[in-house]
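Structural overview
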Amino acid sequence: MSAILQPLIETGRLWRGQGTVPRRDALPTGFDALDRVLPGGGWPRAALSEILFPADGVGELRLLLPVLAMLGREGRPVVLIAPPSLPFPAAWIAASVDLRCLQIVQASEADALWAVEQCLRSAACAAVLCWPRQADTATLRRLQLAAETGQTTGFMLRPSQAATQASMAAVRIGIETGPSRLRVLKCRGGNPPVQTVPFTAIAA
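Residues numbered from 1 in each chain as written. Predicted model: local features only at pLDDT ≥ 70, side-chain atom pairs only at ≥ 80, totals over all residues. Heavy atoms only, no water.

Working note: non-glycine residues mostly have negative phi, and peptide bonds are mostly trans. A cis amide bond links glycine 178 to the next residue, proline 179, at an omega of -5°. Mapped onto the elements of the fold, proline 179 is located in the loop between β8 (171–176) and β9 (181–187). One non-glycine residue, alanine 123, lies in the positive phi region at around 65°. Tracing the backbone through its elements, the reader meets alanine 123 in the loop between α5 (109–122) and β6 (127–130). Classification of alanine 123 by relative accessible area gives partly exposed; the value is 41%. (Helix = DSSP H or I, 4+ residues; strand = E, 2+ residues; numbered from the N terminus. Buried < 20%, exposed > 50% of the residue type's maximum accessible area, 1.4 Å probe, protein only.)

What follows is the structure, encoded as structure tokens:
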């Protein structure tokens, strides 16, 4: 039995219930303070990470720009599906994101979820970002499985109220305001840390 379980433990898909499981293929977030509290030291590849925030413009994209800049250098597209507003080019350029790698897909809510699943599963994208306002548990499970199948890094940006809904995302981080802080709500491979991370202190 141990021979069967060992590969799952080593890849972080099975947790022993103590300590943390080293994630061999984590992406640095670009913020040392956040990396230190995430199992594996960053965002998980081939998985969904979920960012929950109380209102648009509180830093949800600033949190992701460092990893998007890194992923964009892989030569594959970073796809934004149905973003609530168009990216501000100057801010992305200042964060070293190559705008030539960006692809923006405009779609209705229902079509957007279908597009997210196809992009995650295709293995053609370096990263996929989406902003689903409503997604049931079955849909979230399909998206996580699609990320695993396509070995693609996915990010879901959702309202804070979604924290009450069960999610298959490997990592869930909530942005809190006044003062701005990050709270790790879920992290596969370990228990969420009790302490929050001051967002202003880790901002690039």
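Still more ground to cover, so stick around.
Moving on: the environment of glutamine 103. Topologically, glutamine 103 is positioned in strand β5 (residues 102–105). Assessed through its relative accessible area of 43%, glutamine 103 is described here as partly exposed. For the pair glutamine 103 and leucine 80, spaced 23 residues apart in sequence, the C-alpha separation works out to 6.2 Å. Setting aside its immediate chain neighbours within four residues, glutamine 103 contacts Pro77, Val78, Val79 and Leu80. (Contact = heavy atoms within 4.5 Å.)

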